[in-house]
Amino acid sequence: EDEQIVAEIMRRRFFPARITHKSWEGFCFAGHEIRITEATDCYGAVVWPSALVLCYFLEMNSKQYNLVDKNVIEIGAGTGLVSIVASLLGALVTVTDLPELLGNLQHNVLQNTKLKCKHQPCVKELSWGIDLEKNFPRSSCHFDYIMAADVVYHHPFLDELLLTFDHLCKNDTVILWAMKFRLDKENQFVDRFQTLFDLEVISNFPSLNITLYKAMRKGRMKA
């Protein structure tokens, strides 16, 4: 039954009419054509379906989740698509990933947001679990939303990822997290995540094995 929505989400993607020297993919969200350059030599620099699911959700639910003037951070931003869409929807976005991804990320963010957004997004290095207090001090960093798409997969940094969610999340911060289930490791991470956060499924796409979650600190979710 999810296949109609999935088809609609996938229709938001388009490809160049002719081959150019630099490969890119196009996406239509928030009333804009977004061009994303992918770095095929790097796992984090490809647009995964979870990012499309989250972008579609943000666009279709922009009244309930009004991002205008909201402080948003995306962790594991990859190509930057989610952050770009959040920026086009009016948010003040901090776009983060590993240092080796920042060049391509900065290129995509700048190309798709310059002179188009209320707030110019800021691209910043964030290696999960490392120098969190130094680079994102709890006293001065307050995010209304943390966004994450496909950050849980077969990698050895799940402890650091949980630490990062914990560090960045205040009592009123909302986490929007799209996750593709591949292995038992993902299920185990969700269990551990729930020791710190209340978790609610807001969309489910069985044909993609993707679930979209909303999470807040334990006891802070309004019924």
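See the structure shown above.
Residues numbered from 1 in each chain as written. Predicted model: local features only at pLDDT ≥ 70, side-chain atom pairs only at ≥ 80, totals over all residues. Heavy atoms only, no water.

A.B. asks: Teacher, can you tell me more about the overall build of the protein chain here?
C.D. replies: What the protein chain contains, in helices and strands, is seven helices and 10 strands. The C-alpha atoms of the protein chain give 16 Å as radius of gyration, which agrees with the globular expectation for 223 residues (17 Å, within 12%). Dimensions along the principal axes, computed over C-alpha positions, put the protein chain at roughly 50 × 45 × 35 Å. Residues counted as buried form 52% of the 223 residues belonging to the protein chain. Considering only contacts within the protein chain whose residues lie at least 6 apart along the sequence, 65% involve residues at least 24 apart. Within the protein chain, the 27 negative side-chain charges are centred at a point lying 6 Å from the centre of the 24 positive side-chain charges. (Helix = DSSP H or I, 4+ residues; strand = E, 2+ residues; numbered from the N terminus. Rg over C-alpha atoms; globule rule 2.2 N^0.38 Å. Buried < 20%, exposed > 50% of the residue type's maximum accessible area, 1.4 Å probe, protein only. Contact = heavy atoms within 4.5 Å. Lys, Arg positive; Asp, Glu negative; His and termini not counted. Charge placed at Lys NZ, Arg CZ, Asp CG, Glu CD.)

A.B. asks: Quick question: what am I supposed to make of the sheet that holds strand 5 (residues 92-97) here?
C.D. replies: Two orientations exist for strands paired in a sheet by backbone hydrogen bonds: parallel and antiparallel. A sheet is described by the order of its strands in space; here seven strands give the open sequence 6-5-4-7-8-10-9, paired in mixed fashion. Strand pairing shows two members of the sheet lacking a second neighbour, strand 6 (122-125) and strand 9 (197-205), which therefore form its edges. Ignoring which end each strand starts from, the neighbouring axes of this sheet average 20° apart. Pairing between strand 4 (residues 71-74) and strand 7 (residues 145-149): three bridges, direction parallel. Paired with Glu 74 across the two strands is Met 147, which belongs to strand 7. Sheet contacts for helix 3 (residues 81-88): strand 4, strand 5 and strand 7; angle to strand 5, the most-contacted strand, approximately 175°. (Pairing = 2+ DSSP bridges. Axes fitted to C-alpha atoms, helices over the stretch in contact; angles between N-to-C directions.)

A.B. asks: I'm lost on the layout of surface pockets in this one. Help?
C.D. replies: Rolled over the atoms, a probe with the dimensions of a water molecule shows which regions are left empty. Computed from the structure, the largest pocket encloses a volume of approximately 550 Å³. Residue assignment for the lining of the largest pocket shows that the elements contributing at least two residues are helix 2 (49-60) and helix 3. Of the residues in the lining of the largest pocket, the class split is 18 nonpolar, eight polar and six charged. (1 Å grid on protein atoms, 1.4 Å probe; cavity = no way out; pocket = protein on both sides within 12 Å on 5 of 7 lines; lining within 4 Å. Points joined across faces, edges and corners; volume = space filled by probe spheres on them. Nonpolar A, V, L, I, M, F, W, Y, C, P; charged D, E, K, R; others polar.)

A.B. asks: Can you walk me through unusual backbone geometry in this structure?
C.D. replies: Residues apart from glycine generally show negative phi values, whereas peptide bonds are mostly found in trans. You will see that Ala 30, though not glycine, has its phi angle at about 55°, which is positive. In this model, Asp 150 sits at a positive phi of 55°, which is unusual for a non-glycine residue. Within the secondary structure, Asp 150 is located in the loop between strand 7 and helix 6 (158-168).

A.B. asks: Explanation requested: the pattern of salt bridges in the structure shown.
C.D. replies: Side-chain pairs of opposite charge can arise whenever the charged atoms involved come near each other. Within this structure, the stated rule accounts for eight salt bridges. In this structure, the salt-bridge partner of Glu 59 is Arg 12, at a minimum N-O distance of 2.8 Å. Of this pair, Glu 59 sits in helix 2 while Arg 12 sits in the loop between helix 1 (3-10) and strand 1 (13-14); the two residues are 47 residues apart in sequence, bridging distant segments of the chain. The partner of Lys 118 in a salt bridge is Asp 69, with the nearest N and O atoms 2.9 Å apart. One end of the pair, Lys 118, is in the loop between helix 4 (102-113) and strand 6; the other, Asp 69, is in the loop between helix 2 and strand 4, with 49 residues separating them in the sequence. Here Lys 118 falls in the exposed class, since its relative accessible area comes to 57%. By relative accessible area, Asp 69 is classed as partly exposed at 44%. If you follow the salt bridges from partner to partner, you end up with Glu 8, Arg 11, Arg 12 and Glu 59 in one network. (Salt bridge = Lys/Arg side-chain N within 4 Å of Asp/Glu carboxyl O.)

A.B. asks: Just checking my understanding: could you explain the pairing of strand 3 (residues 32-37) for this structure?
C.D. replies: Note on strand geometry: in a regular strand, side chains alternate between the two faces of the sheet. As paired elements, strand 2 (residues 24-29) and strand 3 share six bridges and run antiparallel to each other. From the neighbouring strand, Trp 24 faces strand 3, where its bridge partner is Thr 37. Once strand 2 ends, the chain turns through two residues before running back antiparallel as strand 3, passing Ala 30 with a positive phi of about 55°.

Note that all results are geometric; they support no functional claim without further evidence.
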